[in-house]
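# Structural features, examined
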Amino acid sequence: SWPEGNNVQLHSETPPQLLNEQEPPSARIRSTSLTADSGVRCDSLKQLANVSTDVTFAQEFISRDGHVLLVKIVEDGNEYVSPLIMTHTLTSFFELMDHQIVSWENLSSAFIKKIASLVNAKVCDASIQQVSLALLESMVQSGRALYLLVKQEVTLERLLAHLQVANQQIQTKAMALLMALLQTAGDADRQVHLLLLLGVVTLCCWSQNIIHSSGAVGDEMAHYLYVLQSVTLNHLEPRMRTPLDCYSQDQREVLHTLRQAAFETESENSLSNERRRSLCAKEFRKLGFSNNSNPGQDLVRAPPGLLALDTMEYFSSRYPDAYSRFVLENSSREDKHECPFARSSIQLTLVLCEILRIGDPPSETGADYHPIFFSQDRLVEELFCVCIQLLNKTWKEMRATQEDFDKVMQVVREQITRTLSSKPTSLELFKNKVNALNYGEILKLRQTERLHQEETLALPVVELKERLKPELMDLIRQQRLNRLCQGTLFRKISSRRRQDKLWYCRLSPNHKVLHYGDVEEDTESPAIESLQEKIPVADIKALLTGKDCPHMKENKGKQTKEVLDLAFSITYDVEDYSLNFIASSRFCLWTDGLSVLLGRDMGSESMRSELEILLSMEIKLRLLDLENVQIPDLAPPVPLPPSNYHFCYDFNATEQ
């Protein structure tokens, strides 16, 4: 039986409201020391787990050493403690400790070992293991001493096994404990942990059981995956922040290995020192180094520092054919469109460091992890190998020169960022997506996003545009008719193709008659009465343009394309008669105006352009007051009408 001295009793002067809240669980816990009824004991501990979240209750309960009783229940073996009782006991203890009234460091090693044994057990109730993992996580985070004890008692292999179970809660709690161990460990221990955590087999298990599981990754698990990704990538920070040492023999040899892998040269040993230096400088220049006599100077900037050298070396050794093809293809060009490998590699490495946030400590709320990270043991290097070839492809698509280097890097950064945001789960999938996102696609996406940013593609704005179109179309029609009423001076082209006569045509103010007639060359805007000829609009049968015009058919094959593009005619009466025009410019004003007179739609490109400009201006004016306000896609629901309308106030003379 449990020690009677650990019974929890309340003072008689405890306020009634506190007694009502505290007495039931306290009394039942006290009774468990006197009875073997497991049902009563279980109900009491279940209620205790619920009320322990209240800080007032927790303070009173702990002041009576109630937490000591719970520790005793856990330490006193499993013989008479059912899994359900153990779960409620551990949950109650965790909730009480979460108020930070009692320090975690006061816990005995026996209790910690007991909790660790529950985690290490191959056969154990899932609820017990879930709470035990949470308890160990809090212990590790509380101090170095408890970290060392937990690390000693809990086997890393067993924690990794918890990640491969189907229970997402256990996966999440095991991941939380792993991250706590990883972040509390020193650099040496952390390196060992990472080697175990990031082994290829383990990563495959995670990819299958966590990221690719049937259920969605929870927010808590997403955070821990992000933390693991961040901590792992930050191990590249020392290389990223270390500049190349020009006096380091090893680093100089790596540079020469890059050069020799790209160019098949004659034996350098047989060359004089001066000839060898000249050859090396020439080849380093072809390789894309700015300082070809001392290429190490290009890598002095940190970041990316030595990490850029590492990525170049990895590319040249892992994919030698692609490396040689990149360098030789660009070093042999003489049209100023060569893509410098070394300069591009250094900048690309920096871009990858910024995108992957290498060097930034993990955020407490971050959850933006990349599934592709858990499919590669050398993510940065493999991404570099894909992206450096992408850079060369984009360079050619943009027909870039050295002056366009920064523009190309901006496009490549956008290609990488957009592709990673789609969360590819494998390197092959990333490669296919990023190569499909060519320069043309980037331009289209930028245009679409600009329109979205201006909210011109929002559903309510599109609907507003449709409502405004008829009004603006009427405005354009009126402008075209006004232009016809104003009239235009045309030239006649004789059979000898001499432009020797002028004639003028204008629409009557009532839009019913076209007046035209010959005029002198110095005439600007003749009066309508001076134009002797006229055609009633009602008699016009058709509007013809281009090669369909009668005066173009008569001289078929003799007219230039410029004249064809400016020619139009109207036929009237029985279509045997026609009035032929050759506009000096913007003949669309007349063709649109005549289409309006004939009751037809205007079809010119000029009309569509003007309509778009007017719509854009009108929309921007109407949205001025909604700047930085998110426009919903759906209108807010209209409330139901009131049950009655008896809300009119009777303002009578008496009250006045």
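Worth saying up front: this structure is predicted, and the values here are computed from it rather than measured. (Residues numbered from 1 in each chain as written. Predicted model: local features only at pLDDT ≥ 70, side-chain atom pairs only at ≥ 80, totals over all residues. Heavy atoms only, no water.)

This next bit is on the overall build of the chain. Scanning the chain for helices and strands turns up 28 helices and 7 strands. Working note: accessible area of the chain is about 35,700 Å², and carbon and sulfur atoms make up 49% of it. (Helix = DSSP H or I, 4+ residues; strand = E, 2+ residues; numbered from the N terminus. Areas by Shrake-Rupley, 256 points an atom, 1.4 Å probe, with all protein chains shown as cover.)

To continue, consider unusual backbone geometry. Cis geometry marks the peptide bond from Ala-302 to Pro-303; its omega dihedral reads -5 degrees. Mapping Pro-303 onto the fold places it in the loop between helix 16 (273–287) and helix 17 (306–318). Omega for the bond connecting Pro-303 with Pro-304 falls within 30 degrees of zero, at 10 degrees, which places this linkage in the cis form. Position of Pro-304 among the secondary structure elements: in the loop between helix 16 and helix 17. Positive phi is not limited to glycine here, since Asp-65 has a value of about 60 degrees. Relative to the helices and strands, Asp-65 is located in the loop between helix 3 (55–63) and helix 4 (66–75). Judged by relative accessible area, which is 42%, Asp-65 ranks as partly exposed. (Buried < 20%, exposed > 50% of the residue type's maximum accessible area, 1.4 Å probe, protein only.)

As a further point, take helix 6 (residues 109–120). Between its first and last C-alpha, helix 6 extends 16 Å over 12 residues, near the 16 Å set by a 1.5 Å rise per residue. Among all positions in helix 6, only Phe-111, Ile-112, Lys-114, Ile-115, Ala-116, Leu-118 and Val-119 are buried. Elements in contact with the buried residues of helix 6: helix 4, helix 5 (83–97), helix 7 (126–142), helix 8 (144–153) and helix 9 (156–162). (Expected span 1.5 Å × (residues − 1). Contact = heavy atoms within 4.5 Å.)

This next bit is on the nonpolar core. In this structure, Met-139, Leu-287 and Leu-348 are the most contacted members of the largest nonpolar core, which totals 131 residues. The element that contributes the greatest number of residues to this core is helix 20 (residues 379–397), accounting for 11 residues. Residues Cys-485, Tyr-572, Leu-579 and Phe-581 belong to the second largest nonpolar core, which totals 36 residues. (Core = buried A, V, L, I, M, F, W, Y, C linked by side-chain atoms within 4.5 Å.)

Strand order in the open sheet formed by 3 strands is 5-6-7, and the pairing between neighbours is antiparallel. Both outer strands of the open sheet, strand 5 (540–545) and strand 7 (577–582), are each paired with one neighbouring strand and no more. Between one strand axis and the next, the sheet turns by 20 degrees as a mean value, whatever way the strands run. Relative to strand 7, strand 6 (residues 567–572) runs antiparallel, the two sharing 6 bridges. (Pairing = 2+ DSSP bridges. Axes fitted to C-alpha atoms, helices over the stretch in contact; angles between N-to-C directions.)

Attention now moves to the pairing of strand 3 (residues 513–519). Of all the 7 residues making up strand 3, 6 are buried; the element is thus mostly covered by neighbouring parts of the structure. Note that strand 3 and strand 4 (residues 533–536) share 4 bridges and pair antiparallel. Bridging from a neighbouring strand, Val-513 pairs with Pro-536 of strand 4.

Together, Glu-520, Glu-521, Asp-522 and Glu-524 line one region of the surface with negative charge. If you trace the backbone, Glu-521 turns up in the loop between strand 3 and strand 4. Look at Glu-521 and you get exposed, because its relative accessible area is 62%. (Patch = residues over 30% accessible without salt bridge, like charges linked within 9 Å, V, L, I, M, F, W, Y side chains within 5 Å. Salt bridge = Lys/Arg side-chain N within 4 Å of Asp/Glu carboxyl O. Lys, Arg positive; Asp, Glu negative; His and termini not counted. Charge placed at Lys NZ, Arg CZ, Asp CG, Glu CD.)

The next point concerns the confidence of the model for the chain. The predicted coordinates ought not to be read in detail in places where the model reports low pLDDT. On average, residues of the chain score 82 in pLDDT, and 83% of them are at 70 or above. Below a pLDDT of 50 lies the segment residues 1–24, which in the model reaches 35 contacts outside its immediate sequence neighbourhood of four places, other chains included. Considering only residues more than four positions removed or in separate chains, one finds that residues 200–205, a stretch of pLDDT under 50, has 10 contacts. (pLDDT = per-residue confidence, 0-100.)

Turning our eyes to something else, we now look at the environment of Glu-237. Within the secondary structure, Glu-237 sits in helix 14 (residues 237–240). In the structure, Glu-237 is positioned 70 residues away from Leu-307 in sequence and 8.5 Å away in space, judged by C-alpha atoms. Beyond its immediate chain neighbours, meaning those up to four positions away, Glu-237 contacts Ile-358 and Gly-359.

Now for a positive patch on the surface. On the surface, Arg-275, Lys-282, Arg-285 and Lys-286 cluster together into a positively charged patch. Here Lys-286 lies in helix 16. On the basis of relative accessibility, which here comes to 32%, the residue Lys-286 falls in the partly exposed class.

To continue, consider the side chain of Asp-298. Its location among the elements puts Asp-298 in the loop between helix 16 and helix 17. Lacking a salt bridge, the buried Asp-298 has Arg-343 as its closest oppositely charged neighbour, with an N-O distance of 7.9 Å. A polar contact of 2.6 Å, which involves the side chain of Asp-298, links it to the backbone nitrogen of Ser-290. (Polar contact = N/O pair within 3.5 Å; in protein donor to acceptor, adjacent residues only side chain to side chain.)

Evaluated as defined, the whole model comprises 22 aromatic pairs. Taking the centre distance of 6.5 Å and the plane angle of 85 degrees together, the rings of Phe-93 and Trp-104 count as edge-to-face. Taken as a pair, Phe-93 in helix 5 and Trp-104 in the loop between helix 5 and helix 6 lie far apart in primary sequence, 11 residues in all. The two residues Phe-93 and Trp-104 agree in class, both being buried. (Phe/Tyr/Trp six-rings, centres within 6.5 Å; stacked < 30°, edge-to-face > 60°.)

The next thing to look at is helix 21 (residues 405–421). Compared with the 24 Å implied by 1.5 Å per residue over 17 residues, the 24 Å span of helix 21 between its first and last C-alpha is a close match. Looking only at helix 21, the buried set comprises Phe-405, Val-408, Met-409, Val-411, Val-412, Glu-414, Gln-415, Ile-416, Thr-419 and Leu-420. A positive backbone phi angle near 60 degrees is found at Lys-423, which sits one or two residues after helix 21.

Here Arg-600 is to be found in the loop between helix 27 (588–597) and helix 28 (605–622). Those residues within four positions of Arg-600 in sequence are excluded, and the remaining contacts are Lys-541, Ala-542, Leu-543 and Ser-595. A polar side-chain atom of Arg-600 sits 3.4 Å from the main-chain carbonyl oxygen of Lys-541.

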